[in-house]
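Chains, contacts and geometry: an overview
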Amino acid sequence: MPVTSEAITAWNGSLMEGSGDVTFSSSNLGTFPINWKARSEGSDTTTTPEELIAAAHSSCFSMALSNALAENGTPPERVNTTASVTFKPGVGITGSHLNVNATVPGLTPEQFQTIAEGAKTGCPVSQALAGIEITLEATLA
């Protein structure tokens, strides 16, 4: 049975001067402020669509990698993934870089790299982002 996830954005004003809030329907995490300045210049206090995509990509990839490692007979003890999504004003989203470090007993770095590449390709969020370059840096702890 399919599962539908939702986020709600309330935006006020024009692109350049306006701002808004994103709320996730599944949690009580509150609202996350968004605005163009944060998106085009960066911010430590205001989220961006790209940060939300990075959260989706890092969590999806971690799940896909954990599953692939378990199917290989080498379940991970720990998987830490950072996704860095790049946005260029006037161009759009240009890429997502996955940087994963994991503790996986009984696996060589070469085997880990191969499994991680497969997880990158098989991750549903990676598939949804097929129009951009997705790179991977995978290391064992």
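The structure under discussion appears in the preceding block.
Structure report, in brief. Bear in mind the structure is a predicted one, so any value in this text is a computation, not a measurement.

The full count for this structure, using the stated rule, is two salt bridges. Linking Glu117 and Lys120 is a salt bridge whose minimum nitrogen-to-oxygen distance equals 3.4 Å. Of the two residues, Glu117 and Lys120 both sit in helix 3 (residues 109–122), three residues apart, roughly one turn of that helix. The class for Glu117 is partly exposed, based on a relative accessible area of 30%.

Locating Ser27 in the fold gives a position in the loop between strand 2 (19–24) and strand 3 (31–35). Taking relative accessible area as the criterion, Ser27 reaches 27% and is therefore assigned partly exposed.

An α-helical turn contains 3.6 residues, so any two residues separated by three or four positions project in the same direction. Relative to the 20 Å expected for 14 residues at 1.5 Å per residue, helix 3 spans 20 Å between its end C-alpha atoms, a close match to the ideal helical length. Within helix 3, burial applies to Phe112, Ile115, Ala116, Ala119 and Lys120. Projected down its long axis, helix 3 carries its buried residues within an arc of 145 degrees, all on one side. Away from its buried face, by an angle of more than 90 degrees, helix 3 presents the exposed residues Glu110, Thr114 and Thr121. Buried positions along helix 3 lie against helix 2 (49–71), strand 5 (92–103), helix 4 (124–128) and strand 6 (133–140).

It is worth spelling out the environment of Ala102 at this point. Its place among the elements puts Ala102 in strand 5. Among residues more than four places away in sequence, those in contact with Ala102 are Arg78, Val79, Phe112, Thr139, Leu140 and Ala141.

In this sheet, strand 5 lies alongside strand 4 (residues 78–88) in antiparallel orientation, the contact comprising 11 bridges. Looking at the pairing, Val79 lines up with Ala102 of strand 5. As judged from the eight bridges shared by strand 5 and strand 6, these two strands associate in the parallel manner. Bridge pairing links Ala102 to Leu140 in strand 6.

Cut-offs applied
Residues numbered from 1 in each chain as written. Predicted model: local features only at pLDDT ≥ 70, side-chain atom pairs only at ≥ 80, totals over all residues. Heavy atoms only, no water. Salt bridge = Lys/Arg side-chain N within 4 Å of Asp/Glu carboxyl O. Helix = DSSP H or I, 4+ residues; strand = E, 2+ residues; numbered from the N terminus. Buried < 20%, exposed > 50% of the residue type's maximum accessible area, 1.4 Å probe, protein only. Expected span 1.5 Å × (residues − 1). Arc of directions from axis to C-beta. Contact = heavy atoms within 4.5 Å. Pairing = 2+ DSSP bridges.

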